[in-house]
Amino acid sequence: MTDRPTMLPPGSAPLWQPVKKARAHELVIEAIEDRILSGALQVGDALPPERELATSLEVSRAGVREAVRVLEAQGVLRSQPGAGAAAGTFVAALPRDALTRFLRLHVALSNFTIQDVTDARVVLERASAASAARHLDDTARSQMVDALDRMDQPHSSRDSFNEADTQFHLAIAEASGSALSAALTAAIRSAMKVPILRAAERTEEWPEEAQRLRREHRAIYAAIDEGDASRAADLTETHIRRAASVLFGLESTTTHT
């Protein structure tokens, strides 16, 4: 029987190198996340005591404490001091506001291109506008009208206009009836609020652009109020892409009118 041929010439580097060990708290976080994603841990469930968890995962208790601190800061866990059944560390229901803040920071820090953000907004907000047209109620209607009226204020600053503009888009997302879509829209729009304001400040013909934005917002609202889901979606995409082309120099690719 002949020897198997060697895969590498003598003296060459091996194909596989030892992997670097993660820090203890990162391993604990990964283990907790895996159990949440698998459904083994659900909202309200308690984690094992610190000593037991450290022993089970073969990490230090300091690693467990650091992991818990990180996940508490993210809103995933909550700790209840004291003794008895009410004490311990539990899986928390992440409040939607906390989720929005978390996503907003990641969008802001991830260096996504304006084109990427615009495309994502189009997908989300087309769907939200269409759904809002089907489910509009008096509360959502009032929120949209209030935002439109604020944008119509004479001598409105670009900052206050931008705030009202943001409110209008978020009101549509809320009216869609999808809490997740609303949270995602709020995160993206909030992350873009400052870049949009800075772009508006650089726009020399701002009064004319503000007037165009008012007309587009009013048209979107009218389509939603009339229950025309298809037109509301098309107008929303046209509005987002046209505004991005003016404020950020992107090519407007939509064909809707």
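Definitions and cut-offs
- Residues numbered from 1 in each chain as written.
- Predicted model: local features only at pLDDT ≥ 70, side-chain atom pairs only at ≥ 80, totals over all residues.
- Heavy atoms only, no water.
- 1 Å grid on protein atoms, 1.4 Å probe; cavity = no way out; pocket = protein on both sides within 12 Å on 5 of 7 lines; lining within 4 Å.
- Points joined across faces, edges and corners; volume = space filled by probe spheres on them.
- Helix = DSSP H or I, 4+ residues; strand = E, 2+ residues; numbered from the N terminus.
- Axes fitted to C-alpha atoms, helices over the stretch in contact; angles between N-to-C directions.
- Parallel < 35°, antiparallel > 145°, perpendicular 65-115°, else oblique.
- Left-handed = near helix turned anticlockwise from the far one by under 90°.
- Contact = heavy atoms within 4.5 Å.
- Expected span 1.5 Å × (residues − 1).
- Bend = angle between axes of the 7 residues up to and from the residue.
- Core = buried A, V, L, I, M, F, W, Y, C linked by side-chain atoms within 4.5 Å.
- Buried < 20%, exposed > 50% of the residue type's maximum accessible area, 1.4 Å probe, protein only.

**Regarding the layout of surface pockets**
When its volume is computed, the largest pocket comes out at roughly 230 Å³. Lining the largest pocket are Glu33, Ile36, Leu37, Leu71, Gln74, Gly75, Val76, Val91, Ala92, Leu94 and Phe102. No other element matches helix H1 (residues 24-38), which puts 3 residues into the lining of the largest pocket.

**Here's the deal with the packing of helix H5 (residues 114-135) against helix H10 (residues 229-248)**
In a pair of packed helices, the angle between the axes and the distance between the axes together describe the arrangement. Here H5 crosses H10 at 155°, and the two axes come no closer than 8 Å. When the axes of H5 and H10 are compared, the pair comes out roughly antiparallel. Seen along the crossing, H5 lies across H10 with a hand that is right-handed. Along the contact surface, H5 presents Ile114, Gln115, Thr118, Asp119, Arg121, Val122, Glu125, Arg126, Ala129, Ala130, Ala133 and Arg134, while H10 presents Ala229, Ala232, Ala233, Asp234, Thr236, Glu237, Ile240, Arg241, Ala244 and Phe248.

**Here's the deal with helix H8 (residues 179-202)**
In a regular helix each residue adds 1.5 Å, so 24 residues correspond to 34 Å; H8 covers 34 Å between its end C-alpha atoms and thus fits that length. At Lys193, H8 shows its maximal kink, close to 40°; a proline, Pro195, follows between one and four residues later.

**Digging into the nonpolar core**
Formed by 25 residues in total, the largest nonpolar core has its most connected members in Met144, Phe168, Ile172 and Ile224. Broken down by secondary-structure element, the contributors of at least two residues to this core are H5, helix H6 (138-151), helix H7 (158-175), helix H9 (206-225) and H10. Once residues within four sequence positions are removed from consideration, Phe168 is found in contact with Met144, Ala147, Leu148, Met151, His217, Ile220 and Tyr221. Counting residues in each nonpolar core, the second largest holds 14 residues, with Ile29, Ala54, Val59 and Val68 among its members.

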